[in-house]
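Geometric and topological summary
For reference, the chains in residue letters:
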Amino acid sequence: MEGLRREYGPVVALDGLDLTIGPGELIALLGPSGCGKTTTLRLLAGLEDADAGQITVAGQDMTHLSASKRDMGMVFQAYSLFPHMTVRQNVAFGLRLRRVHAAKRDQRAIEMLDLVGLSAQADRYPHQISGGQQQRVALARALAIEPQVLLLDEPLSALDAKVRAQLRDQIRRIQLEVGITTLFVTHDQEEALAIADRVGVMREGKLEQLAPPTEVYSRPATAFVAEFVGLTNRLAGTVSGSTVTVRGRDLPLVDHSTAPGPVTALVRPEAVTLASDRSGESGPLVGTVIASTFLGATSRVTVDLGDTTILAQLSTSDATALPAGSRVALTIRPDPVLVATDAPAVSEA
Amino acid sequence: MAAVTSLGETSLTGPAKSPRGMQAGRRKRLNLFRYLVFSVFGLFFILPLLAMLRFSLEGNQLGTWSLAAWKEIVSYPGPPPLLSSVEITLELAVITSAVVLVLLVPTMIWIRLRVQWIGRAFEFLCLLPLTIPGIVLVVGLAPIYNFIRHYQLSALQLFWCYVILALPYAYRALSAGLGAIDVTTMSEAARSLGASWFTVMVRVVAPNMRQAILNAMLLSSALVLGEFTIAYLLLYNNTLQVNLYFISRATPNASVLFSTSFAALIFAFILLLILSYVGRRRRTRG
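Residues numbered from 1 in each chain as written. Chains lettered and ligands numbered in written order. Predicted model: local features only at pLDDT ≥ 70, side-chain atom pairs only at ≥ 80, totals over all residues.

1. Focus on the overall build of chain B
For chain B, the helix and strand inventory stands at 13 helices and zero strands. Helices and strands in chain B line up, N terminus first, as α-α-α-α-α-α-α-α-α-α-α-α-α. A burial count over chain B gives 29% of its 286 residues as buried. Once local pairs closer than 6 in sequence are excluded, the contacts in chain B between residues at least 24 apart make up 78%. (Helix = DSSP H or I, 4+ residues; strand = E, 2+ residues; numbered from the N terminus. Buried ≥ 20, exposed ≤ 12 C-beta atoms within 10 Å, placed from the backbone. Contact = placed C-beta atoms within 7 Å.)

Spelled out as structure tokens, the structure:
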């Protein structure tokens, strides 16, 4: 996609988007509502027309091709199976349109249903299977036509947490097995980080960063990415040279060209460690535990530092030793940090 | 505190009813109410019919019974013969339903998918005939029908008029059917699988509107079967309703008036029941 632009009246949904997806790659587009991720997908699918820019798939210009001729499989957020057809007929629908012989069509439909583990439900109607199964059938239907690109538009958002995690893993397994180029749109960062080869974080119709999940998380390109992906503590600091001083600690900067002066440093909760403090002394990195949220293997602890609060993510066994009201001393791991210069330097978690 | 009070009261007044018992009692009361309402409306509906039947079967003297009034319908020589009127009316019902569906179904699907902004204007146009009295319509259409009659075309030409009359009812039925399905997502899914717009309409959307289409057919047919004013005023005497009217006028036996009216009603009921039964059977299978 080159220079893609789409406007809805005065609203610019996509503002010159450039994105290249490699063969067999899974890219997840992540961003808040209205950032343009679904518009990107719909433009690629041909369900909407771009105001400017070009879409090329395998060297072929698709920009002005109708959706029915683009050869792209799509799975929608809403359940999109045809209610009057059985599961098998749904999967075979695209093949029927391509005039594939009935026996071959049926065989292919069963193969696809086997792939998503639903061949036993082949003769059921959509209303007779669960939501998760419906989305799996939709995936099988999209894959049956052997599309050039698979487009997934928040396919898991209508499902409950457990089914969601299972189906997410299944989608990734199938995608790797089939080796199909895939664009996955989601607003769920965990989903994007877990499934994608590369994650594209979008904001106001533009790509803020496109990188592997680990890089997006640990080395965010912008303050927006840092704040959108994962939790971030916003702490007042002062830049001097290649470091930022936060509550008396010097932390290395990601961007060494940051201008000196007051900034807001973005510190991940897992970079903060806590230890019980019995000295009774006060200091910039001494505070009181005010809440602890159990997350399973880890817990998130909120510490009141007097002028601000800070989040720390600890193992649950460590967090249990620090109940609410405990005095704690904080340590901030010297990971490279990003700073936000657009926001006022007010300390908050 | 509330729980304690509640427990205390329970112990004084005896064992509390289980939720299931309460539910059963409530269901019983609800059923009683349903049967009562159904009976009242049933009586309101069936008493005039029974009275009609009785008058149609009553002989010349009170307390005597006779089938003479019914025999007169069958033996009515015409013109036109009764059976030919039945045939024409049924043909009109079929043509009207078909034309209404051909006009409305693709248009409404297209509007929903592509040009939603004209949806309100289209709805207004479809509902407009509801506000136009039959007589006004006749005044407007009379010159056209006079012209048609000049070419001695059959009463089937009335379908033009009946299509207009049936539009509001068919529109409502189809609109409800369209509203019940996610047309946009289904059509986008079909398009991404390679379906043309025609395929989307015929193979994807229309089959999911089957019940709405049957309802629209049912309402259009009911309208044609019961229509009298326009056919009579435009001088098409060979439709069923107008013919029955003439049969009742042509005989000195007052009971024929009731036998013909009753016969017309029963005919319409049976036809509509058949249509509705066909729809239900298909829905059960689907």
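2. A word on the confidence of the model for chain A
Low pLDDT means the predicted atomic positions in that stretch should not be read closely. Averaged over all residues, the pLDDT of chain A is 89; the fraction at 70 or higher stands at 97%. Within the model, the stretch residues 343–349 of chain A combines pLDDT values under 50 with 20 contacts to residues more than four positions away or in other chains. (pLDDT = per-residue confidence, 0-100.)

3. What about the packing of helix α4 (residues 131–144) of chain A against helix α5 (residues 161–178) of chain A?
Residue and element names in this part refer to chain A. Relative to each other, α4 and α5 sit at 15°, their axes nearing to 11 Å. Classified by the interaxial angle, the pair formed by α4 and α5 is roughly parallel. The two elements α4 and α5 cross, and the hand of that crossing is right-handed. Facing Gly132, Gln135, Arg136, Leu139 and Leu143 of α4, the residues of α5 in contact are Val163, Leu167, Ile171 and Val178. (Axes fitted to C-alpha atoms, helices over the stretch in contact; angles between N-to-C directions. Parallel < 35°, antiparallel > 145°, perpendicular 65-115°, else oblique. Left-handed = near helix turned anticlockwise from the far one by under 90°.)

4. A few points about the pairing of strand β8 (residues 149–153) of chain A
Residues and elements named next belong to chain A. With five of five residues buried, β8 lies mostly within the body of the structure. Burial along β8 is two-sided: the face carrying Val149, Leu151 and Asp153 and the face carrying Leu150 and Leu152 are both buried. Once the chain exits β8 it traverses α5 before rejoining the sheet at strand β9 (residues 181–186), and the crossover so formed is right-handed. (Right-handed = clockwise from strand over helix to strand, strands pointing away.)

5. Notes on the interface of chain B and chain A
Taken together, the contacts link 16 residues of chain B with 18 residues of chain A. Where the side of chain B that touches chain A is concerned, the elements lending two or more residues are α8 (183–192) and α9 (197–205) of chain B. Looking at the side of chain B that touches chain A, the element that brings in the most residues is α8(B), giving six residues. Considering only residue class, the side of chain B that touches chain A consists of six nonpolar, seven polar and three charged. (Nonpolar A, V, L, I, M, F, W, Y, C, P; charged D, E, K, R; others polar.)

6. Quick notes on the sheet that holds β8(A)
Residue and element names in this part refer to chain A. If you walk across this open sheet you meet the six strands as β7-β8-β9-β3-β10-β11, and the pairing is mixed. What marks the edges here is a single partner per strand, and that holds for β7 (72–75) and β11 (206–211). Averaged over neighbouring strand pairs, the angle between their axes works out to 20° when direction is ignored. In terms of strand pairing, strand β3 (residues 26–30) meets β9 through five bridges, oriented parallel. Bridging from a neighbouring strand, Ala28 pairs with Phe184 of β9. Packed on one face of the sheet, α4 meets β7 and β8 and runs near 175° to β7. (Pairing = 2+ DSSP bridges.)

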